[in-house]
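Structural features, examined
One-letter residues, chain by chain:
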Amino acid sequence: MQQINCRVGNAHPTQRKLAEIVGTTASVICRLEDADYEGHSLSILNRTASALDRRIKIDFVPLVNPGSNK
């Protein structure tokens, strides 16, 4: 969520302005920027990414080294 916190690009909209663009409230944007919040939906992430001219990328990475028995 750090990229949302940085508000990608040179135009750094306020939480309120970004919320208007996304079609939500500033409190939802605030929660998106909270690193400890875990209730994000893909829908709001997609809408926020779109408002910032970005796309969502989800990457599944191994928990352990390949070849281990765990």
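To be clear, the structure that these remarks concern was listed above.
Residues numbered from 1 in each chain as written. Predicted model: local features only at pLDDT ≥ 70, side-chain atom pairs only at ≥ 80, totals over all residues. Heavy atoms only, no water.

**Brief notes about the packing of aromatic side chains**
Going by this rule: The criterion for an aromatic pair is that two Phe, Tyr or Trp rings (for Trp, the six-membered ring) have centres within 6.5 Å, with stacked assigned to planes under 30 degrees apart, edge-to-face to planes over 60 apart and tilted to the rest. Comment: the charge-over-ring label is applied if NZ (Lys) or CZ (Arg) is within 6 Å of the ring centre and within 35 degrees of the ring normal.
Throughout the structure, instances matching the rule amount to zero aromatic pairs. A cation sits over an aromatic face here: R31 above Y37, 5.8 Å from the ring centre.

**Comments concerning helix 2 (residues 15-22)**
This is how it is decided: When a residue's accessible area, from a 1.4 Å probe over protein chains only, is under 20% of the maximum for its type it is buried; when over 50% it is exposed; and in between it is partly exposed. By definition, any uninterrupted DSSP run of H or I lasting at least four residues is a helix, any uninterrupted run of E lasting at least two residues is a strand, and each is numbered from the N terminus. It is the directions from the helix axis to the C-beta atoms whose arc is reported. Contacts were defined at the residue level, with two residues in contact if any of their heavy atoms lie within 4.5 Å.
Residues of helix 2 that are buried: L18, A19 and V22. The arc that holds every buried residue of helix 2, seen down its axis, measures 105°, which confines them to one face. Along helix 2, the residues that are exposed and aim more than 90 degrees away from the buried face are R16 and E20. Summarising the contacts, the buried residues of helix 2 are in contact with helix 3 (26-33) and helix 4 (42-51).

**Observations concerning helix 3**
Those residues of helix 3 that fall on the buried side of the exposure criterion are V28, I29, L32 and E33. In an axial view of helix 3, the angular spread of the buried residues amounts to 140°, which keeps them on one side of the axis.

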